[in-house]
Structures are given as C-alpha cells and as structure tokens.
Amino acid sequence: MKTVENFILGLDGQQKAIVSFLHNRMTNEHDLIPKIRFNIPMYFRKTWVCYLNPIKNDGIELAFLNGNKLSNDQGLLKSKNRKMVSGIDLFNISNIPERLIDEIIQEAIILDDLAKTKLK
C-alpha cells in the first residue's frame, strides 16, 4: 500500500516542500489521519476533511471536501465551479498563510465533529 510519505518522496521542488509541510501540520498539529485515496493524500477524522492535490506550475491545492459549508472568512477558498469542494492553490512554501490555513482546518474539523456518520 502506498503511503503519504512515499507520495511525498515522488514529488519535486515546491510541491514536495508544500506537501511535506502541510502533511506534518495536519497530522501533528491537527491530529488528522492520512491515507492515500484516488492516488493523492487525503486526511480524515470521522469523515474526509481535506486532501492535497498536485496542480500545474509546481503547485498544490489544499482542498476541503465540505468547502461549501465553510465560512471562508479568510477569503482564501475557491470553488472552481465545484458544488461541494473548495480549495486553496499554493505555489511557494514561503508564502503559505499558516495562521489562516489553520483557521480553515479548525473549522473543517468542527464540521467533521458534527458529522453523523463515521468512515469505516
């Protein structure tokens, strides 16, 4: 089974730095459980909270599966014409708005805590 660590090792440049940083933050700071699903890292507690998806120009999208339910008070989330998912495109490790992303992750975790069903 492919692990998130193996996924990270397969990346280069800014993608590798961004995914490594966010993976460590989500697992160590926010206690999210990582799994590879659909060939990308996905993070969950009771339900799927978010995922990391490589995008063009050496970037990573941090996407939230219930992004449409998040307040987006930070103004960072973009739906890209998706009904439920919203995300943030990140292209440089030095430009990651850590505090704002932590706020969004915390709000997504609160939504997850309110979920009625749990993943098996």
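Engineer: Looking at this model, I keep getting lost on the pattern of salt bridges. Mind explaining?
Structural biologist: Between side chains of opposite charge, a pair can form when the charged atoms approach closely. Scanning the model with the defined rule gives seven salt bridges in all. Of the charged contacts, one joins Arg-45 and Asp-113 as a salt bridge, the two residues approaching to 3.6 Å between their closest N and O atoms. Here the residue Arg-45 occupies a position in the loop between β2 (40-44) and β3 (48-55), and Asp-113 occupies one in helix α3 (residues 98-114), the gap between them amounting to 68 residues. With relative accessibility at 42%, the residue Asp-113 sits in the partly exposed group.

Engineer: Looking at this structure, I do not really get the sheet that holds strand β1 (residues 33-37). What am I missing?
Structural biologist: Strand pairing in a sheet takes place through backbone hydrogen bonds and is either antiparallel or parallel in direction. Strands sit in the order β1-β2-β3-β4-β5 across an open sheet of five strands; the sheet is antiparallel. In this open sheet, the two edge strands, each paired with only one partner strand, are β1 and β5 (86-90). Pairwise comparison of adjacent strand axes, ignoring direction, gives a mean angle of 25 degrees for this sheet. Where β3 meets strand β4 (residues 59-64), six bridges bridge the pair, whose relative direction is antiparallel.

Analysis parameters
Residues numbered from 1 in each chain as written. Predicted model: local features only at pLDDT ≥ 70, side-chain atom pairs only at ≥ 80, totals over all residues. Heavy atoms only, no water. Salt bridge = Lys/Arg side-chain N within 4 Å of Asp/Glu carboxyl O. Helix = DSSP H or I, 4+ residues; strand = E, 2+ residues; numbered from the N terminus. Buried < 20%, exposed > 50% of the residue type's maximum accessible area, 1.4 Å probe, protein only. Pairing = 2+ DSSP bridges. Axes fitted to C-alpha atoms, helices over the stretch in contact; angles between N-to-C directions.

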